[in-house]
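Breakdown of the fold
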Amino acid sequence: MSRILAHNLVVDFPIYGGKSRSLKHRFIRTATGGAFAKDAADRVVVRALDHLTFDWKEGQRVGLVGHNGSGKTTLLRVIAGIYEPVAGALEVQGRVASMLSISLGMDPEASGYENIFLRGVTMGLTRRQIEAIVDDVCEFSELGDYIEMPMRTYSSGMIMRLAFAISTSVKADIILMDEWLSVGDASFTEKANKRLKGLVDQAKILVLASHSKDVIEANCSVVVHLDHGRLIA
Amino acid sequence: MRNAIKDLFEGVSSLHVWPALGWQEVKQRYRRSTLGPFWLTLSMGILLAGMGPLYGKLFNQDVGSYFLYLTVGFIAWQALSLMLSEGCTVFIASEGFIKSVRLPFTIHVMRFTWKNIIVMFHNMIVAVVVIAFFQPPLGFGLLLVPIAILFYILNGLWLATILGLLCARFRDIPQIVGSVVQIFFFLTPVIWKPGMLGRHAWTVDLNPFYHFIEIFRAPLIGEPTNLRSWGVVLAITLAGFAVMLPLFARFRQRIAYWL
């Protein structure tokens, strides 16, 4: 049973300038009593998510829309467990796969083959699990003999193909995506789309943030509108 | 607190993650060079070959035994100083990871500790060569060497966690730690021996670095086991974890916000 349940979820980002961040100022602040309260009250925070309450259940395909800086990516990161809510509660049931940065952990100097392992490790897979996906990744990415070459010899399109193939090779209950992933040239894009669609279809919950109306309409059953960190019904 | 301990255990037991990432970091640095990580060995060898005779002469020491003393001590010192100076960056340098995937924070600490141990083992090759050449009277004390390395790892773990946390929040601390480490290189008996202080030799006992170096150096240069140093190291290890755990439990979840 997969579910994402939030109650009055709040995320604030403290803003540390060059000044408030240094230890010197911390000391001075503590030493000069009076300034303390003022400074503490003056500490600038950006409220990225403001009392969000929602309940997303199995089968739902959630589309997050909103202008730049409305909190879409932050919300995805909170669900992925990267940011702990500052206040409120969040419950996430099910294995989460986040497609937030699909090439994280890859090393340009390593071969494509080595990178499958590096990327896999970063995704938290065991060696055995990675070995099980290697053939599929090699075949899907269509890199052929290039898989033995250092990744720095690849074109950027080839790197994306590889990263995409690895990141989409493991099933998950909940999939988080920041914009619909699209890689490669025309014919590959179609193939990639099909693979991503297959992955999304078997997932129990999809949360997709996008600026594209078409993408949201094509993939989502619920549309959630975020504005300045608040949910607009 | 429970979550912090869970993080710690999950992190340490993620044997499929941190050894690979730590090794990768070392490899990355020496990729496309013929010697690879053995550059570490070579540069350490060259450094000691230069320093050994010079300081041996300056301090009026028997060159053979001094060279051995310096080699083993210096390797231990380097491992310790790396733990401190690079310990500051465990979370800062892992920003990309921390902001993109949820992994136990301890994985980043382990990755870093493992990298330092790999570096230490490459340096150890120099020590092995020097020991083989001068043949100090080694005894059962040698069995203590792996235990000393284990204590280096344990202390690297709590130290990097605390420093990593503080440095993520206060960006001045890496600079402070950097200069403190530099001073302690001269204050710690690495290039000099405690005996050279004459009646002030007792002061080295106040220096925690001395005890950490001593537990590794003494057995490798054929000196008797210094039980007091072992006691101090054990106490520091326990105290370190006692400080680290509550701090980690309290601030673990803020790390992502600080980066």
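**Looking at the overall build of chain A**
Along the backbone of chain A there are 8 helices and 9 strands. Counting over 233 residues, chain A shows a buried share of 45%. As displayed, chain A offers around 11,400 Å² of accessible surface, 53% of which is attributable to carbon and sulfur atoms.

**Thoughts on the environment of L90(A)**
Residues and elements named next belong to chain A. Examined against the element boundaries, L90 turns out to sit in strand β4 (residues 87-93). Each C-alpha atom, one on L90 and one on A110, is 38 Å from the other, the two residues being 20 residues apart in sequence. Beyond its immediate stretch of four places on either side in the chain, L90 contacts I4, L5, A6, L9, V78, I79 and P85.

**Things to note about the sheet that holds β4(A)**
Residues and elements named next belong to chain A. Taken together, 3 strands build an open sheet; the order of strands is β2-β1-β4 and the sheet is antiparallel. The two strands at the open ends of the sheet, each matched to only one other strand, are β2 (45-57) and β4. Ignoring which end each strand starts from, the neighbouring axes of this sheet average 25° apart. Two strands pair when backbone bridges link them, and strand β1 (residues 3-14) and β2 are joined in this way by 9 bridges, in the antiparallel orientation.

**Some remarks on the packing of helix α5 (residues 127-141) of chain A against helix α6 (residues 156-167) of chain A**
Residue and element names in this part refer to chain A. As a packed pair, α5 and α6 sit with axes 9 Å apart at the nearest point and diverge in direction by 140°. Where α5 crosses over α6, the handedness of that crossing is right-handed. Residue-level contacts link I133, V137, F140 and S141 of α5 to R161, L162, F164, A165 and I166 of α6. Per-class residue counts for the contact of α5 with α6 are 7 nonpolar, 1 polar and 1 charged.

**Topic: the nonpolar core**
Judged by nonpolar contacts, the single largest core of 152 residues is most densely connected at W56(A), L75(A), L162(A), M177(A), Y152(B) and F216(B). Other than its neighbours up to four places away in sequence, L162(A) contacts M106(A), G112(A), N115(A), I116(A), V137(A), S141(A), L143(A), I147(A), M151(A) and Y154(A).

**Remarks on the interface of chain A and chain B**
Tallying the contact residues gives 35 residues for chain A and 29 residues for chain B. Summed over both sides, the interface between chain A and chain B buries roughly 2,800 Å², with carbon and sulfur atoms accounting for 54% of that surface. Here chain A is connected to chain B by 3 salt bridges. Salt-bridge contacts for K27(B) lead to E114(A); the nearest nitrogen and oxygen are separated by 3.4 Å. On the surface where chain A and chain B come into contact, there are 9 residue pairs in polar contact (both at pLDDT 80 or more). At the level of secondary structure, the elements contributing two or more residues to the side of chain A that touches chain B comprise β1, α1 (23-31) and α4 (112-122) of chain A. Of the residues contributing to the side of chain A that touches chain B, the split by class is 15 nonpolar, 9 polar and 11 charged.

Calculation rules
Residues numbered from 1 in each chain as written. Chains lettered and ligands numbered in written order. Predicted model: local features only at pLDDT ≥ 70, side-chain atom pairs only at ≥ 80, totals over all residues. Heavy atoms only, no water. Helix = DSSP H or I, 4+ residues; strand = E, 2+ residues; numbered from the N terminus. Buried < 20%, exposed > 50% of the residue type's maximum accessible area, 1.4 Å probe, protein only. Areas by Shrake-Rupley, 256 points an atom, 1.4 Å probe, with all protein chains shown as cover. Contact = heavy atoms within 4.5 Å. Pairing = 2+ DSSP bridges. Axes fitted to C-alpha atoms, helices over the stretch in contact; angles between N-to-C directions. Left-handed = near helix turned anticlockwise from the far one by under 90°. Nonpolar A, V, L, I, M, F, W, Y, C, P; charged D, E, K, R; others polar. Core = buried A, V, L, I, M, F, W, Y, C linked by side-chain atoms within 4.5 Å. Buried area = accessible area lost by both parts, 1.4 Å probe. Salt bridge = Lys/Arg side-chain N within 4 Å of Asp/Glu carboxyl O. Polar contact = N/O pair within 3.5 Å; in protein donor to acceptor, adjacent residues only side chain to side chain.

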